[in-house]
Amino acid sequence: ARRTGAMYKFKEIQTIPPAKQLVDIVLSKTNRKTPTVVHPGFKITRIRNFYMRKVKFCQTTYGEKFGKILEDFPKIDDIHPFYADLCNVLYDRDHYKLALGQVNATKKIVDSIAKDYVKMMKFADSLYKCKMLKRAALGRMCTSVKKLSGSLSYLEEVRQHLGRLPSINPATRTLILTGYPNVGKSSFMNIVTQANVDVQPYAFTTKSLFVGHLDYNYVRWQVIDTPGILDHPLEDRNTIEMTAITALAHLPAAVLFFVDISEMCGYPIPVQVALFHSIKPLFRNRPLLIILNKTDIRKMSELSPEERALLDSMKEGAEESVHFFETSCATREGVDAARNKGCDLLLGRRVEQKVKQGKADSLRSRLHIAGGAPPANRPPYIPESVARAKAGEADADMEDGKQEKLERDRMEELGGAGVYSVDLWKRAILQDPSWKYDVVPEIMDGKNIYDFVDPDIDKKLAELEREEELLMQEAALRNDEGVLKEFSKTQHVLDELHSRMRQRRLERKLAKNRNHAPTMRKGRLKAEEVEERLNKSGKDGSKVRARSASKKIRSSSLLGKRKREASGGAVEDAGGRTGSAARAGSARSMSRMKGMPSEEVAQSAEKQRRKKMRLHQKLGKRGEADKHIPDWKPKHLFSGKRGIGKTDRR
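Residues numbered from 1 in each chain as written. Predicted model: local features only at pLDDT ≥ 70, side-chain atom pairs only at ≥ 80, totals over all residues. Heavy atoms only, no water.

## Section: the overall build of the protein
At step 1: Along its length, the protein carries 21 helices and 12 strands.
At step 2: Burial status across the protein gives 28% buried among its 650 residues.
At step 3: Considering only residue pairs separated by 6 or more positions, the protein has 66% of its internal contacts joining residues 24 or more positions apart.
At step 4: Roughly 46100 Å² of accessible area belongs to the protein as shown, and the carbon and sulfur atoms make up 54% of that amount. (Helix = DSSP H or I, 4+ residues; strand = E, 2+ residues; numbered from the N terminus. Buried < 20%, exposed > 50% of the residue type's maximum accessible area, 1.4 Å probe, protein only. Contact = heavy atoms within 4.5 Å. Areas by Shrake-Rupley, 256 points an atom, 1.4 Å probe, with all protein chains shown as cover.)

Shown next as structure tokens:
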């Protein structure tokens with residue numbers, strides 16, 4: 001079992017899944033953690049290794065699960081006898097050992113199955129045979145694990161119950177409360193500790209061990225409230241009673257046996273005394289206190305002589321003295337005295353045992369006690385007031401029949417709190433008493449500020465003030481306001497100029513075509529210059545003039561097409577154009593206007609449309625209706641199971 005000191009941490013045991021769920025967990029992990037792709041075209045050695053790996057991985061996973069179960073659960077023979085007997089009472093030692101033994105046997109069976117099938121797989125000569133052997137191996141493993149369903153469910157119930165057990169340290173200082181049911185044990189525990197045990201006016205309210213803690217004599221104590229015990233043979237006692245018997249038998253603690261002298265618990269005093277005598281062997285070598293409880297209902301003086309004789313008989317045959325305490329949990333009378341006595345008795349016994357066992361010698365060897373007479377040059381100093389108090393004379397604070405006035409009295413005389421200021425230097429012990437109220441020097445960075453004060457500071461201050469006055473008179477003679485006004489006018493003109501420059505720069509930027517790279521214009525010659533050069537070289541320059549005229553005619557249309565020549569059948573309009581050309585021009589103008597009020601508005605809309613289309617062409621869109629969003633992570637590259645070395649495209 002896991003231990004920290006003497007404390008067992010049963011709450012750290014991991015949950016045990018049912019057999020069917022355990023099979024699903026292991027097979028799922030085997031499929032996830034091993035390769036999944038194999039082809040008949042692979043080498044036979046590669047195929048064998050593929051299926052061997054699956055069988056071995058499944059075997060290893062089962063081994064880890066079962067090994068964790070065997071490691072977490074406490075071994076009955078290795079833990080403290082108190083916990084061993086408690087497990088025997090609650091879960092049956094034989095059943096518990098049998099369940100863990102079956103888990104261990106199944107672990108070995110799984111290992112042997114894996115070993116046999118891996119050996120057979122080495123002789124398989126095809127993918128089909130390897131696959132069938134793997135399937136058979138995993139199937140036999142799962143079958144053997146499913147046979148554990150009863151043991152695993154039993155161990156899960158044990159785990160849950162162990163997690164609910166109180167954390168009892170068998171080696172620490174402990175007080176055990178025992179007695180008949182409903183005699184006031186839980187009420188006593190709620191008073192002396194911070195526990196909150198349920199208290200009800202009927203028997204067997206406490207059905208298991210409850211633990212509380214208290215501090216006494218600067219150490220920590222644990223108090224265990226046990227279920228009530230009835231007076232019958234040991235073999236007739238139930239599980240609830242046996243937990244109390246187990247605690248009494250194995251924990252080295254002080255025992256507080258409760259007796260309800262009011263008999264309100266339903267059991268008379270003779271029956272309670274009989275129980276004490278029947279379990280008296282469990283109190284051997286332990287401090288014993290008998291708590292006579294509920295004295296607020298019935299006093300000890302009201303008991304009959306027979307009942308007193310029965311109570312006195314509880315002292316007979318005891319190896320050590322038995323201490324009686326009269327308590328009342330309702331009025332808390334005698335509760336603290338009983339607690340303190342029990343702690344003192346147990347503490348004394350523990351110290352005696354350590355001295356007998358020699359444990360105190362190791363502690364004594366680490367201590368050094370300095371002895372010897374005090375030096376003669378340093379005699380002990382005892383104040384006179386202490387000496388007088390020891391001698392039995394008058395009080396040390398009284399001198400000449402007068403008591404010194406306290407600071408609180410002075411404060412009330414001189415105005416009270418917030419008005420009176422305490423004189424902190426009144427009792428200062430200095431070489432010269434006149435130094436008490438001197439001004440304390442102010443220190444900065446480890447230096448006295450007064451050392452840096454100039455004695456001629458007043459004279460230098462007067463010179464600075466005189467110099468400042470002369471500077472102010474000189475500034476009054478200068479016309480600074482006029483200069484500032486002129487500067488503000490100039491600044492205003494410059495601001496307007498810069499504003500216009502910024503506006504023109506913005507207009508030029510907006511008018512520029514963003515998608516058109518500027519091209520440098522070539523230096524062109526005029527038609528007259530070309531014609532003159534050709535004539536000088538002896539060539540006919542009139543052809544150049546005719547060529548430029550024909551170019552103008554062709555380029556006059558919007559789309560750069562040749563105009564249809566006037567035919568004999570064409571009718572010219574008032575502007576000199578033929579009828580067909582006029583109709584085509586009007587049709588084009590009408591299609592361009594598209595319901596616009598004028599040609600200028602249509603041209604402006606056409607410019608906006610072309611500008612918008614340039615933006616679409618820049619983004620690679622097919623048109624205004626192209627809303628396609630490109631997929632930057634196509635699924636065929638980013639889905640599925642990744643193989644070894646297949647992450648280069650991710």
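The discussion continues.
## Quick notes on a positive patch on the surface
At step 1: Where like charges cluster on the molecular surface, the positive patch consists of Arg500, Arg502, Arg504, Arg505, Arg508, Lys509 and Lys512.
At step 2: Along the chain, the position of Arg504 falls in helix H16 (residues 480-511).
At step 3: On the basis of relative accessible area, Arg504 is assigned to the partly exposed category, the value being 42%. (Patch = residues over 30% accessible without salt bridge, like charges linked within 9 Å, V, L, I, M, F, W, Y side chains within 5 Å. Salt bridge = Lys/Arg side-chain N within 4 Å of Asp/Glu carboxyl O. Lys, Arg positive; Asp, Glu negative; His and termini not counted. Charge placed at Lys NZ, Arg CZ, Asp CG, Glu CD.)

## As for the sheet that holds strand S7 (residues 288-293)
At step 1: Reading across from one edge, S4-S5-S3-S6-S7-S8 is the order of the 6 strands in this open sheet, with mixed pairing throughout. Across the chains shown, the open sheet's two edge strands, defined by having one partner strand only, are strand S4 (210-216) and strand S8 (323-326). Sheet twist, expressed as the average angle between the axes of neighbouring strands with direction ignored, equals 25°.
At step 2: Bridging between strand S6 (residues 254-260) and S7 involves 6 bridges; their strand directions are parallel. When the sheet's bridge partners are listed, Leu256 is paired in S7 with Leu289. (Pairing = 2+ DSSP bridges. Axes fitted to C-alpha atoms, helices over the stretch in contact; angles between N-to-C directions.)

## A few points about helix H1 (residues 19-33)
At step 1: Over its 15 residues, H1 runs 21 Å from end to end, which matches the ideal 21 Å to within 8%, given 1.5 Å per residue.
At step 2: For H1, every residue scored as buried is listed here: Ala19, Leu22, Val23, Val26 and Thr30. Projection of H1 onto a plane perpendicular to its axis shows the buried side chains occupying an angular sector of 100°, all on one side. Residues Lys20 and Arg32 are exposed on H1 and point more than 90 degrees away from its buried face.
At step 3: Of the surrounding elements, those touching the buried residues of H1 are helix H2 (44-72), helix H5 (127-146) and helix H6 (149-164). (Expected span 1.5 Å × (residues − 1). Arc of directions from axis to C-beta.)

## So, the side chain of Thr295
At step 1: Position of Thr295 relative to the elements: it lies in the loop between S7 and helix H10 (305-313).
At step 2: Look at Thr295 and you get buried, because its relative accessible area is 5%.
At step 3: At a separation of 3.0 Å, a polar atom in the side chain of Thr295 contacts the main-chain carbonyl oxygen of Thr327.
At step 4: Setting aside its immediate chain neighbours within four residues, Thr295 contacts Ile261, Glu326, Thr327 and Ser328. (Polar contact = N/O pair within 3.5 Å; in protein donor to acceptor, adjacent residues only side chain to side chain.)

## Notes on a nonpolar patch on the surface
At step 1: A cluster of nonpolar side chains, Val422, Leu424, Trp425, Tyr437 and Val440, forms an exposed patch at the surface whose accessible area comes to about 590 Å².
At step 2: With respect to the element layout, Val422 can be found in the loop between helix H14 (407-413) and strand S11 (443-444).

## A look at unusual backbone geometry
At step 1: One non-glycine residue with positive phi stands out, namely Asn217, at about 55°.
At step 2: The residue Asn217 is located in the loop between S4 and strand S5 (219-225) in this model.

## Some thoughts on a negative patch on the surface
At step 1: Together, Glu463, Glu465, Glu467 and Glu468 make up a negatively charged patch on the protein surface.
At step 2: Structurally, Glu465 is set in helix H15 (residues 457-477).
At step 3: The exposure class assigned to Glu465 is partly exposed, which follows from its relative accessible area of 47%.

## What about the pattern of salt bridges?
It is possible for side chains of opposite charge to pair when their charged atoms get near one another.
At step 1: Applying the stated rule across the entire model yields 15 salt bridges.
At step 2: Between Lys129 and Asp125 there is a salt bridge, and its shortest N-O distance comes to 3.0 Å.
At step 3: Owing to a relative accessible area of 43%, Lys129 belongs among the partly exposed residues under this scheme.
At step 4: Close ionic contact of Lys460 with Asp454 constitutes a salt bridge, the shortest N to O distance being 2.7 Å.
At step 5: For Lys460, a relative accessible area of 44% translates into the label partly exposed.
At step 6: When its relative accessible area of 27% is taken as the criterion, Asp454 is described as partly exposed.
At step 7: Overlapping salt bridges, with partners in common, bring together Glu407, Arg410 and Lys426 in one network.

## Brief notes about the packing of aromatic side chains
Each aromatic ring pair is specified by the distance between its two centres and by the angle formed by the two planes.
At step 1: Across all of its chains, the model carries 11 aromatic pairs by this definition.
At step 2: With 6.1 Å between their ring centres and 15° between their planes, Tyr62 and Phe66 make a pair best called stacked. Of this pair, Tyr62 and Phe66 are both found in helix H2, 4 residues apart, which corresponds to roughly one turn of the helix.
At step 3: Here the aromatic residues Phe10, Phe82 and Tyr83 are joined through ring pairs into a cluster of three or more.
At step 4: If you follow Arg46 out to its NZ or CZ, it ends over the ring of Phe42, 3.7 Å from the centre. (Phe/Tyr/Trp six-rings, centres within 6.5 Å; stacked < 30°, edge-to-face > 60°. Lys NZ or Arg CZ within 6 Å of the ring centre and 35° of its normal.)

## Some thoughts on the state of the cysteines
At step 1: On inspection of all chains with the given rule, the structure shows 0 disulfides.
At step 2: For the unlinked cysteine Cys142, the closest cysteine sulfur is that of Cys58, found at 5.8 Å.
At step 3: On the basis of relative accessibility, which here comes to 8%, the residue Cys142 falls in the buried class. (Disulfide = S-S within 2.5 Å.)

## Overview of the environment of Arg308
At step 1: By the element assignment, Arg308 lies in helix H10.
At step 2: For Arg308, a relative accessible area of 34% corresponds to the partly exposed category.
At step 3: Expressed as a C-alpha distance, the spacing of Arg308 and Ile269, which sit 39 residues apart in the sequence, is 9.7 Å.
At step 4: Setting aside residues up to four positions removed in sequence, Arg308 forms contacts with Met300, Ser301 and Leu303.

## Points about the pairing of S7
At step 1: Within S7, 6 of the 6 residues are buried, which leaves it mostly tucked inside the rest of the structure.
At step 2: Residues Leu288, Ile290 and Leu292 of S7 are buried on one face, and the alternating residues Leu289, Ile291 and Asn293, pointing to the opposite face, are buried as well.
At step 3: Where S7 and S8 come together, 4 bridges link them in parallel fashion. Bridging across to S8, Leu289 finds its partner in His323.

## Overview of the packing of H1 against H5
At step 1: At a closest axis distance of 9 Å, the pairing of H1 and H5 adopts a crossing angle of 150°. Put simply, H1 runs roughly antiparallel to H5. Relative to H5, the crossing made by H1 is right-handed. Contacts between H1 and H5 pair Ala19, Leu22, Val23 and Leu27 from the former with Leu138, Cys142, Val145 and Lys146 from the latter.
At step 2: Residues of the contact of H1 with H5, tallied by class, amount to 7 nonpolar, no polar and 1 charged. (Parallel < 35°, antiparallel > 145°, perpendicular 65-115°, else oblique. Left-handed = near helix turned anticlockwise from the far one by under 90°. Nonpolar A, V, L, I, M, F, W, Y, C, P; charged D, E, K, R; others polar.)

## Considerations on the packing of helix H4 (residues 93-121) against H6
At step 1: H6 packs onto H4 with a crossing angle of 125° between their chain directions and a minimal axis gap of 9 Å. Viewed along their axes, H4 and H6 adopt a mutual orientation that is oblique. Of the two elements, H4 crosses H6, and the hand of that crossing is left-handed. Residues His95, Tyr96, Ala99, Leu100, Gln102 and Val103 of H4 lie in contact with H6, whose contacting residues are Ser151, Leu152, Tyr154, Leu155 and Val158.
At step 2: Residues that form the contact of H4 with H6 fall into these classes: 8 nonpolar, 3 polar and no charged.

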